[in-house]
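Listed below, chain by chain, are the residues.
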Amino acid sequence: MSTPILAGAIGAFSPVHVLRLIQHARLTGRMELRRGAERVDLFVEQGRSVFARSTGATLRVGEILVRQGDLRPEVIELVLAIQSDQPGKRLGSMLVESGSVTEAQVRDAVLGVQRRILCDVLLWQQGTFRFLFGEHAPGEDVRLDLDVDRLLVGILALAGDALERQRDQKAA
C-alpha cells in the first residue's frame, strides 16, 4: 500500500478543490474518500478521473438498464440469481453473453454509475480524503475520462433540470 501524499478533512478542503489540484498537477493515483462507513475510491491518471467505485448506496448497472428501458426487472433478478452461483462473474458480461443487451448498452450503464458516484462525492461536505500516488485502477474495462471542470458543468445542468422539474410539478 502506498503512503498518502495528500490527506485532510473534507470541509477544510472540498473534494472539488482536491481533484482540481490533482488535475492541475497531472498526478496519477487513487483518491480515497470516507464519510462514516462509506468509502469512495477515485482513480486518476495524469489528473483525469478514470474509474470510481463506492461502498455506499448508488445506482447499479442493472437499475440503469431497467430505467432506460433496455431490460425488464425480471431479467435482472434472474441473472442476479444465476450470478450468486458464479462468484466474480460480472453482471454486464452475463447480460451480454445471454444476448439480453449489447456491450455498448452495458458500457453506457457502467459509465452512468461511475459518473453518479463521482457527482455524489463532489457534493460531500464532511469526511476525510487521502491521495495515494501511483496506484492504478484494477484492470477495469470501462473507464471514465473526465476532467473536473467538465463534470461540474454536468452537475450544474442536472441541478437545473431538477429545479425545472420541481417548478413544473408545483405548477401542475
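Residues numbered from 1 in each chain as written. Predicted model: local features only at pLDDT ≥ 70, side-chain atom pairs only at ≥ 80, totals over all residues. Heavy atoms only, no water.

Visitor: Pulling in residues and values, what's your account of the nonpolar core?
Guide: In terms of nonpolar packing, the biggest core is built from 33 residues, with M31, L33, L42 and L95 touching the most fellow members. Put simply, the parts of the chain that give this core at least two residues each are α1 (15-25), β2 (29-35), β3 (38-45), α2 (61-67), α3 (73-83), α4 (91-97), α5 (103-122) and β5 (127-133). Per-element accounting of this core gives the leading share, eight residues, to α5. With near-sequence residues (within four places) excluded, L33 lies in contact with I10, P15, E38, R39, V40, L42, V121, W124, T128 and F129. (Core = buried A, V, L, I, M, F, W, Y, C linked by side-chain atoms within 4.5 Å. Buried < 20%, exposed > 50% of the residue type's maximum accessible area, 1.4 Å probe, protein only. Helix = DSSP H or I, 4+ residues; strand = E, 2+ residues; numbered from the N terminus. Contact = heavy atoms within 4.5 Å.)

Visitor: Please give an account of the side chain of E32 that cites residues and values.
Guide: Note that E32 resides in strand β2. Only 2.9 Å separates the side chain of E32 from the side chain of R30, close enough to count as a polar contact. Here R34 takes part through its side chain, which lies 3.0 Å from a polar atom of the side chain of E32. Not counting residues within four places of it along the chain, the set of residues in contact with E32 comprises R39, V40, D41, T128, F129 and R130. (Polar contact = N/O pair within 3.5 Å; in protein donor to acceptor, adjacent residues only side chain to side chain.)

Visitor: Kindly report on α5, identifying the contributing residues and their values.
Guide: With 20 residues, α5 ought to run about 28 Å at 1.5 Å a step, and its terminal C-alpha atoms sit 29 Å apart, in line with that. Residues of α5 that are buried: V106, A109, V110, L111, V113, Q114, I117, L118, C119, V121 and L122. (Expected span 1.5 Å × (residues − 1).)

Visitor: A description of the pattern of salt bridges should follow, citing residues and the corresponding values.
Guide: According to the stated counting rule, one finds twelve salt bridges in the structure shown. As a salt-bridge pair, R39 and D41 come within 3.0 Å of each other at their nearest N and O atoms. For R39, a relative accessible area of 23% puts it in the partly exposed group. Ionic pairing is found between E74 and R72, a salt bridge with its closest N-O pair at 3.1 Å. (Salt bridge = Lys/Arg side-chain N within 4 Å of Asp/Glu carboxyl O.)

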